[in-house]
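Chain residues, written in single-letter form:
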Amino acid sequence: MMVVPSLPLLAGPSRHATDDRQDSVRLYRYDEVVVSAERYPLSAGKAGAVTHSVRPSGSSRFGGPGESLAGVRNLSILRYGGGMSLQTLSIRGMGSEHTLVLWNGLPAGNLQTGVSDLNLFSAADLEEIEVVPGGASALHGSGAVGGVVNMIPSIPYETTPRLELSAWAGSFEENGFSLRTMVQPLPALGLSIRAGRSRSRGDFPFHDPVTGAEAIRSNSDFLTQSVSAAAGLIDGDSNRFALVLNGLSLDQGTPGPWLGGTASSTARRNDRRYLAALSFEHTPSGPVNATATAIYDAQYERFLDTEGPYPADNHYRTTSVGASAQVRLQPAPSWLFLAGSDLNLAWAGGNAVDKTRKRGMAALSASASWTFSIGDGIATMITPSGRVEASSAFDPHFSPKLGLNVEAEGGGHSARIHSTVGSGRRNPTMNELYYSGEGGIGNPDIRGESSVSLDAGFGGRLDFLGGLEGDVTWYLIDMDDRIQWIPTVNPRVWSPRNIGTSRSTGWEFGGEFVVFPGTLRILGNYSTISAKRGVANDDRSIRYDKQLTYIPLDKGSLDVVFESETSVAWLRSFKLRLGILYLGERYILDDNSESLPSHLTFDGSASFEIPISGGGLLMHYSAVNMTGVNYEVMPGYPMPLFNHNLTITYKIII
């Protein structure tokens, strides 16, 4: 078997309520505040980038946030099977390894492969997810060429003491439960503890894309067990402390093809993760603010396939310890400065690397913003930023970025022009350098990838009924020394090589129409993606001609959300959502001679909150692929037909 991808903190007050992607995804209009996760003096949205915010499902049913992120503009989710199977993502046509996953501002992805499995982040423990597309290496470092996905945990700074009991059941014999308690032993201290377990014993049906006959994807059962704790402490008017502890054990069943495919159906994948994070915020009313965050992240991953055509038993143990601190200075209303530093020490071992490897990193970053007016009601903001990063394994490098944001407001309407330009870098992963497991061999001589990114767009808001807003953005990402695994002399042994250049470019359209404020909203987006590899000819000219494999040519979604609070005694509120997700054609061979067809799927959800003396009952029903569309995310990875689940949560006020 070729190299098996082992796919697999916190600071900041909740700024204001956002929407549920099981209930919606929206553009985020940030307040002018800074927490440790945001390294611009102002938010990424104010600094020229279009920022998206997603609030995971309000139910306590846990699992990865892939379903919640599926409708984000130009973000592609690969879900390998049903239930708790692998979930990886990419932004703007770049690979999954080019999307940096953060845990409230600190890298928390996969040290071994650089490809993060979203199922190792429990959506039930998240307050919010921020998505910033476009190169972000100038602020966050290696791996942020395509963009950043930042997981923000839920911190009980102030909470009503309560107990939450949740249970769920659904298709493929899925069942699970979760218990969460939240207390406030002191006026300034909040605590939250949650434990849960979920499993599916059944295999799911699908239509064989070759024969069209109904088949069963076997060995797709999963079992996950997790426990988490969070504490939030408020000291006076300007200091906040937060602590998060997470532990997760995940048996993902077979992430590979179905019975009868090219690989064995008896393969198994197991993951364990232990994460601890501590943060501090000092936000007085004066001109100087400071934040600091530290994280400990230990992961164990194993892929076992003893009966496949290429038997494998690969396992990794990776550990990462990191710290980050930022200081913000505002000497005048029109000027802001932010300076910070990052430290990280990581080491990896196991039978799939040649020996235990260590890697240290230190970086300094800085950004600023200058705001000035051009006439009445027109505000212009320029945001330069840069990062110097040094590593024990790679040469130091500098990544700059410049953002521009021009906004005009008047008469209840607004218009915005925005743009960013910068350079970035991705260092080779442990696998790319030192892999020595089944089916492949690392390459210590490969070079890191370097890139230049550019985007520009315009948008605005119009007072029509409840409000109409939208945005159009064009983007370009040029990359040199792109790394790709290719066969060696032995076709069963693959190794990474620098293949030359690649270019990803396209258009992004997004908007939201509030038909009736607080009741009916319509959200939609559409993106075109041209992600092509360049070939270096003898005369060194570059030719861009073939779409990279598995990158969709276009993508879009549409959500209709209806929600309301009621005066009915037995119903406090309800929320209904219908979603349509479109994924375009994806080529599966480098010469673009074969492809997976485009597909359109429908899903929906309904939530009802029923008041009960001393608490309340929340019922959340979701249905996926309601029309039973037959599709694959990759060849040999069929997805379930219609499937659904129901979660019931009973909240008891203590």
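Per chain, residues are indexed from 1 in the order of the written sequence. pLDDT decides what is reported in this predicted model: residues at 70 or higher carry local features, side-chain atom pairs at 80 or more are listed and counted, and totals for whole chains, interfaces and linings draw on all residues regardless. Calculation of side-chain values draws on the structure's entire complement of heavy atoms; hydrogens and water are dropped beforehand.

Trainee: For this particular structure, what's the right way to read the overall build of the protein chain?
Mentor: Helical segments are the DSSP runs of H or I of at least four residues, strand segments are the runs of E of at least two, and each set is numbered from the N terminus. When its secondary structure is counted, the protein chain shows three helices and 38 strands. Burial classes: relative accessible area under 20% of the type maximum marks a residue as buried, over 50% as exposed, and values in between as partly exposed (1.4 Å probe, protein chains only). By the burial criterion, 56% of the 654 residues in the protein chain qualify as buried. Values of accessible area rely on a 1.4 Å probe in the Shrake-Rupley scheme; residue burial ignores everything except the protein chains shown. In the structure as shown, the protein chain presents an accessible area of about 25600 Å², 61% of it carried by carbon and sulfur atoms.

Trainee: Can you walk me through the pattern of salt bridges in this structure?
Mentor: Close approach of charged atoms allows side chains of opposite charge to pair. Salt bridges are identified by distance alone: a Lys or Arg side-chain nitrogen within 4 Å of an Asp or Glu carboxyl oxygen. For the coordinates displayed, the defined rule picks out 21 salt bridges. Between D455 and R92 there is a salt bridge, and its shortest N-O distance comes to 3.3 Å. Of this pair, D455 sits in strand β24 (residues 449-462) while R92 sits in the loop between β4 (87-91) and β5 (99-103), and the two are 363 residues apart along the sequence. Like D455, the residue R92 is buried in the burial classification. Taking the shortest distance from any N to any O, the salt bridge between E609 and R572 comes out at 3.0 Å. Here E609 is found in strand β36 (residues 599-612), whereas its partner R572 is found in the loop between β32 (554-565) and β33 (573-583), with 37 residues between them in sequence. Within the structure, one salt-bridge network assembled from shared partners comprises E512, R521, E563 and K575.

Trainee: Can you help me understand the pairing of strand β7 (residues 126-133) in this one?
Mentor: The two faces of a sheet get side chains in turn, since along a regular strand they alternate between them. Counting buried residues in β7 gives eight out of eight residues, a clear majority hidden from the surface. Should DSSP find at least two bridges between two strands, the strands are regarded as paired. Looking at chain direction, strand β2 (residues 52-54) and β7 are connected through three bridges and run antiparallel. From the neighbouring strand, S53 faces β7, where its bridge partner is E130. Looking at chain direction, β7 and strand β8 (residues 147-153) are connected through seven bridges and run antiparallel. Within the sheet, the bridge partner assigned to E130 lies in β8 and is N150.

Trainee: Would you take a moment to explain unusual backbone geometry for this structure?
Mentor: For residues other than glycine, phi is negative in most cases, and the peptide bonds are mostly trans. Phi at D481 is positive, roughly 60°, even though this residue is not glycine. By the element assignment, D481 lies in the loop between β25 (467-480) and β26 (483-487). Unusually for a residue other than glycine, N625 sits at a positive phi of about 55°. Considering the arrangement of structural elements, one finds N625 in the loop between β37 (615-624) and β38 (643-653). We classify N625 as buried; its relative accessible area is 2%.

Trainee: Please clarify how the packing of aromatic side chains should be interpreted in this entry.
Mentor: The geometry of two aromatic rings is summed up by the distance between their centres and the angle between their planes. Pairing of aromatic side chains here covers Phe, Tyr and the six-membered ring of Trp, requires ring centres within 6.5 Å, and sorts the geometry by plane angle: under 30 degrees stacked, over 60 edge-to-face, intermediate tilted. Counted under the stated rule, the structure contains ten aromatic pairs. For the ring pair W335 and W370, a centre distance of 5.7 Å and an interplane angle of 10° mean the geometry is stacked. Linking W335 in strand β19 (residues 335-350) with W370 in strand β20 (residues 357-373), this pair joins segments that are 35 residues apart in sequence. For W335, a relative accessible area of 34% gives the class partly exposed. The exposure class assigned to W370 is partly exposed, which follows from its relative accessible area of 36%. When the ring of W507 is compared with that of F509, the centres are 6.5 Å apart and the planes differ by 20°; the resulting orientation is stacked. You can call W507 partly exposed: its relative accessible area is 42%. Taken together, the aromatic side chains of W335, F337, W370 and F372 make up a single cluster linked through ring pairs. Across the ring face of Y157, the terminal group of R240 is positioned such that the distance to the ring centre comes to 4.5 Å. The criterion is that NZ of a Lys, or CZ of an Arg, lies within 6 Å of the ring centre and within 35 degrees of the ring normal, and then a charge sits over that ring. The ring of F121 carries R273 above its face, with NZ or CZ at 4.6 Å from the centroid.

Trainee: Would you mind showing me how to read the confidence of the model for the protein chain here?
Mentor: When pLDDT drops low, the exact placement of atoms in the prediction is not to be read closely. How sure the predictor is of each residue is captured by pLDDT, a score from 0 to 100. Averaged over all residues, the pLDDT of the protein chain equals 81, while 87% of them reach at least 70. Only heavy atoms matter for contacts: two residues are in contact if any of them lie within 4.5 Å across the pair. Confidence drops under a pLDDT of 50 for residues 1-37, and excluding neighbours within four residues, the segment shows 183 contacts in the predicted structure.

Trainee: Sorry if this is basic, but what is going on with a nonpolar patch on the surface here?
Mentor: Patches were defined on residues exceeding 30% relative accessible area and lacking a salt bridge, with like-charge contacts within 9 Å and nonpolar side-chain contacts (Val, Leu, Ile, Met, Phe, Trp, Tyr) within 5 Å. On the surface, a cluster of nonpolar side chains totalling about 660 Å² of accessible area is made up of I522, L558, V560, L578, Y621, M626, F642, L646 and I648. Within the fold, L646 resides in strand β38.

Trainee: What is the right way to look at the nonpolar core in this model?
Mentor: Nonpolar side chains tend to gather and get buried jointly when the protein is soluble and globular. For this analysis, a nonpolar core means a set of buried residues of the types Ala, Val, Leu, Ile, Met, Phe, Trp, Tyr and Cys, connected via side-chain atoms within 4.5 Å. L69, L75, W103, V149 and M151 are the most contacted members of the largest nonpolar core, which totals 27 residues. Residue assignment for this core shows that the elements contributing at least two residues are β3 (75-79), β4, β5, β7, β8, β14 (222-235), β15 (239-253) and β16 (268-282). The element that contributes the greatest number of residues to this core is β7, accounting for three residues.

Trainee: Whenever I open this one, the environment of D395 confuses me. Can you help?
Mentor: With respect to the helices and strands, D395 occurs in the loop between β21 (378-391) and β22 (397-410). Owing to a relative accessible area of 62%, D395 belongs among the exposed residues under this scheme. The spacing of D395 and N427 is 32 residues in sequence and 9.8 Å in space, taken between C-alpha atoms.

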